[in-house]
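# Secondary and tertiary structure notes
The residues making up each chain are set out below.
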Amino acid sequence: MKLSRRNFIKITSACTASLGAATLLPGCNSSDSNNTAAQSSNKIAILSDVHFHDVYGDYDFADLAPIDASGRQVTMRSMNVSCRSTRMFNENYFVLHATLQQLGEQGVKYVCFSGDYSDDGQVDTIKGFKKVLEQYRERYGFVFLLAPGNHDCYPAGASQSKMFLDKEGRQVMVVDDRNTSSNPTDEGQSGEYRHVTPSMWGGSIEDMMTDLGDYGFRKQAHWLHYETPFGTSDAFSDRQYWAINPDNNERALVGDASYLVEPEEGLWICMVDMNVFRPNGMGFKHDSRGWKQGIESGYGKDYLMDWLKDVNQRAELLGKKLLLISHYPALNYLDGDGEVNDGHDVNYLLGDKSNTISRLPDSAVGDAFIRCGLKLHFAGHMHVNDTYCYRNDQGHVFNVQVPSLSAYIPAYKLVTFHNRNDVEIDTVVVSDVPDFDALFPFYRQEIDQFEAQGKGDAVFWREMLEATDYRDLMRRHLMTLVRNRFFDSMAEDMKLLFQSNPSLYALMVTSQLPVPISAAKALQASKQLEPHHSAAQVATAFIGKDATEEDYQAAIAATVQVENHIAQSGLSRQSFFNEDFQELLDLVYHLKNADELSLQDYGYERIPTYQVAMQLLATLQLAQHSESCSAEDFDCQLSVLQARLSAMHRVFELFVKADPSTHFRLNLVTGDILDLWVENPFRQ
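Residues numbered from 1 in each chain as written. Predicted model: local features only at pLDDT ≥ 70, side-chain atom pairs only at ≥ 80, totals over all residues. Heavy atoms only, no water.

### Considering helix H16 (residues 519-528)
Listed as buried for H16 are Ala 519, Ala 522, Leu 523, Ala 525 and Ser 526. Angularly, the buried residues of H16 cover 160° about the axis, an arc narrow enough to put them on a single face. Buried residues belonging to H16 abut helix H14 (492-500), helix H15 (504-512), helix H17 (535-543) and helix H23 (638-656). (Buried < 20%, exposed > 50% of the residue type's maximum accessible area, 1.4 Å probe, protein only. Helix = DSSP H or I, 4+ residues; strand = E, 2+ residues; numbered from the N terminus. Arc of directions from axis to C-beta. Contact = heavy atoms within 4.5 Å.)

Written as structure tokens, this is what we have:
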């Protein structure tokens, strides 16, 4: 439930009094640049999916590496490969420095990483990551706490192959010395030659817990309390469980890096390792699904829920503020309270090249959290900004998705406990990153290599190098993915709709046509429409001059309906010709990744046009269509496109009605949420 500020504070105060909670801590306003260091010290930063790669690391690459203007060897990844991935491979180095500098200047003390802090847990990558953390811990006194993600460690280590750039701008496949692949690839790409180094080996869970032990995996003498799901020992030998493959009941001992720490009186931070591994012959399989498998007894990690239930009960009894963090989402934030078919309308429209739907848990996880009394969980993994509250008859639980710093939208969360049940959360976008473009000269050299080989047309990412700041770079990266990787996962009719790119006006008319014409004919007609055309000209363009009088009148009626809808909105007809399908799809991807924060990038002034269009599409109320148009024969019925447009409205509504995700305050007792951000036009 969303409340006014006055009612929220009134209810929260009443709950606090009834529970005997601690005195309210001083608040903090993200728009106030005069926050004191004392106020900032009450905040806890949560960073996610940094995917750190050390662009000035070793990797035994000295003889091959390019040299930058300051004389440093640059061990950088290929931009060609970065733009095929859901994250940028190099610039995370610079954004991590910028973010920690910003947090240090604000006086923030606790910095938590919710997984995927490394590229893939490689030896030299972890060394570089540790070097950065140590630099800022010494400078600002940070307390760093880590929870591992699917890219950080493996039960017994893992081979890695990554595409680097050499001093000539050529793509080099860098592999570990245990790699047995005859053709190692990175995002489906093969290098011009291979470089072998033990530094590319992805470390084991024990390696990670040893190398990064000072950041939560090993107890510190000054901490008030430390425990793991297995007791108070921090030794790796005491922190293992029997991982199970439910397909064949194969079992193997695997480490668990979960822990609970009390770094100061009254604050409990619980970092959960929800990586689930399945023994598979001589190795392990990992599905990157976290809680979805973790709560099931068949995988051997369901003991974590018993531990978390006990942790929560003790936190309540002792009056501790409990911050729970893992890498994986605990809720399906795309389910829209059941209104959008558990998020599968998103899959129906966009495809699932990034496994968005398959990686989201079902309601069983939310139910398990509520049974344990858990009220708030922070996660990463999905590279999205989102807040979602799941409710059943027994209670509620919030899941807060922390965006990735190496993708759009690059941001982190600042958490303030006003008391143990009153939590303020602010989302801070990192736009100003010094040296974000430091590697651009080498990317231009990479382009030169492509062109010298006659492959200039293969460079689909030239516009990336026009970015004006780090936020703009990440946004351009998303748009590059939409037009390449994500495009490939769309159904054929969606691809052709994207390529035809009709105006928003044409889409509105298409949505209302009752005439059984082909989708191909509708898209061809869309190309002919001009803003000065009359309703009769629009109708004729869609059904042709040889149509029956009945079909002609039906097309006229549909066009007039669109015209009246636009007139009632008070917007100009021209504004609906200015926007097109690609822009609409871009908006959906913006909202999917950044939620309401994307509106700043997309332009508030454009939103009313899309809102009016979606209001019209709402009249369709069509279910997902099982038929899709083939690439060879696009002569399918218009109903196929109309079903897509109907799903587009439902997805749009899903994001429009989403809970606040920028700056907000949660009442963990009542489940109420107070929006402290006033810029979202959908809530005005």
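Right, picking up where we left off after that structure.
### Section: the nonpolar core
Leu 47, Leu 100, Leu 103, Phe 113, Trp 291, Phe 378 and Phe 542 are the most contacted members of the largest nonpolar core, which totals 209 residues. Considering each element in turn, this core owes the most residues, twelve residues, to H23. Setting aside chain neighbours within four positions, we find Phe 378 in contact with Ile 46, Leu 323, Leu 324, Ile 325, Ser 326, Val 400, Val 402, Val 415 and Ile 425. With seven residues, the next largest nonpolar core counts Tyr 59, Phe 61, Phe 164 and Val 174 among its residues. (Core = buried A, V, L, I, M, F, W, Y, C linked by side-chain atoms within 4.5 Å.)

### A look at the pattern of salt bridges
Summed over all chains, the structure comprises 32 salt bridges. Taken together, the shared-partner salt bridges in this structure form one network comprising Arg 77, Arg 87, Asp 119, Asp 120, Lys 162 and Asp 186. (Salt bridge = Lys/Arg side-chain N within 4 Å of Asp/Glu carboxyl O.)

### A few points about the environment of Asn 484
Its place among the elements puts Asn 484 in the loop between helix H12 (470-482) and helix H13 (485-488). Each C-alpha atom of the pair Asn 484 and Arg 84 lies 7.7 Å from the other, and the pair is 400 residues apart in sequence. Looking at Asn 484, its side chain comes within polar contact range of the main-chain oxygen of Thr 480, at 2.8 Å. (Polar contact = N/O pair within 3.5 Å; in protein donor to acceptor, adjacent residues only side chain to side chain.)

### Brief notes about helix H4 (residues 92-106)
When the terminal C-alpha atoms of H4 are compared, their 21 Å separation across 15 residues agrees well with the 21 Å that a helix rising 1.5 Å per residue should span. Of all 15 residues that make up H4, eleven are buried, and the element is covered over most of its length. Taken as a whole, H4 has its buried residues at Asn 92, Tyr 93, Phe 94, Val 95, Leu 96, His 97, Ala 98, Thr 99, Leu 100, Leu 103 and Gly 104. Looking at the packing, one finds that the buried side of H4 touches strand S2 (43-47), strand S3 (110-113), helix H5 (123-140), strand S4 (143-146), strand S19 (411-419) and H12. Directly after H4, the chain includes Gly 107, whose backbone phi takes a positive value near 85°. (Expected span 1.5 Å × (residues − 1).)

### Quick look at the side chain of Asn 80
Residue placement: Asn 80 occurs in helix H3 (residues 79-82). Beyond its immediate sequence surroundings of up to four residues, Asn 80 is in contact with Gln 171, Gln 189, Glu 446, Phe 450, Ala 458, Phe 460 and Trp 461.

### Description of the sheet that holds strand S6 (residues 171-175)
In a beta sheet, neighbouring strands are held together by backbone hydrogen bonds and run either parallel or antiparallel to one another. Taking strand neighbours across the sheet as the criterion, the three strands line up as S5-S6-S7 in an open arrangement whose pairing is mixed. The sheet terminates laterally at strand S5 (161-165) and strand S7 (193-196), the two strands that pair on one side only. Within this sheet the neighbouring strands show an average axis-to-axis angle of 35°, counted without direction. Direction of pairing for S5 relative to S6: antiparallel, over a ladder of five bridges. Each residue of the ladder has a partner; that of Phe 164, found in S6, is Val 172. (Pairing = 2+ DSSP bridges. Axes fitted to C-alpha atoms, helices over the stretch in contact; angles between N-to-C directions.)

### Digging into the layout of surface pockets
There is about 950 Å³ of room inside the largest pocket. Around the largest pocket sit 50 residues that line it, and Thr 86, Arg 87, His 151, Arg 359 and Arg 485 are the ones nearest its centre. For the lining of the largest pocket, the secondary-structure elements that each account for two or more residues are S5, helix H9 (344-350), H12, H13 and helix H20 (581-594). With four residues, H12 is the largest single contributor of residues to the lining of the largest pocket. Looking at the lining of the largest pocket residue by residue, the classes come out as 16 nonpolar, 20 polar and 14 charged. (1 Å grid on protein atoms, 1.4 Å probe; cavity = no way out; pocket = protein on both sides within 12 Å on 5 of 7 lines; lining within 4 Å. Points joined across faces, edges and corners; volume = space filled by probe spheres on them. Nonpolar A, V, L, I, M, F, W, Y, C, P; charged D, E, K, R; others polar.)

### Remarks on the environment of Glu 579
Among the structural elements, Glu 579 can be located in the loop between helix H19 (573-578) and H20. Once residues within four sequence positions are removed from consideration, Glu 579 is found in contact with Ser 503, Leu 504, Arg 606, Thr 609 and Tyr 610. Within the structure, the side chain of Glu 579 is placed 2.6 Å from the side chain of Tyr 610, a separation counted as a polar contact.

### Points about the confidence of the model for the protein
Residues with a pLDDT of 70 or more make up 91% of the protein, whose mean pLDDT is 90. Contacts from residues 16-38, a stretch scored under 50 in pLDDT, to residues over four places away or in other chains number 34 contacts. Scored below 50 in pLDDT, residues 337-341 shows nine contacts in the model against residues more than four places distant or in partner chains. (pLDDT = per-residue confidence, 0-100.)

### Focus on unusual backbone geometry
Residue Ile 409 follows Tyr 408 across a cis peptide bond; omega there is 10°. For Ile 409, the position within the fold is in the loop between strand S18 (395-401) and S19. The residue Asn 249 is not glycine, and still its phi comes out positive at about 65°. In this fold, Asn 249 is placed in the loop between strand S9 (240-245) and strand S10 (250-255).

### Digging into the packing of aromatic side chains
Here the distance between the centres and the angle between the planes together describe a pair of aromatic rings. In this structure the tally under the stated criterion is 26 aromatic pairs. Aromatic side chains Tyr 136 and Tyr 140 sit 6.5 Å apart centroid to centroid with 10° between the ring planes, which places their arrangement in the stacked category. Of this pair, Tyr 136 and Tyr 140 both sit in helix H5, four residues apart, which is roughly one turn of the helix. The class for Tyr 136 is buried, based on a relative accessible area of 4%. Under the relative-accessibility criterion, Tyr 140 is labelled partly exposed at 28%. With a centroid separation of 5.9 Å and 85° between ring planes, the pair formed by Phe 652 and Phe 682 is classed as edge-to-face. Linking Phe 652 in helix H23 with Phe 682 in the segment after strand S22 (673-675), this pair joins segments that are 30 residues apart in sequence. Each member of the pair, Phe 652 as well as Phe 682, carries the same accessibility label: buried. By way of ring pairs, the aromatic residues Phe 52, Tyr 56, Tyr 93, Phe 94, Phe 113, Tyr 117, Phe 129, Tyr 136, Tyr 140, Phe 142, Phe 144 and Tyr 215 are connected into one cluster. (Phe/Tyr/Trp six-rings, centres within 6.5 Å; stacked < 30°, edge-to-face > 60°.)

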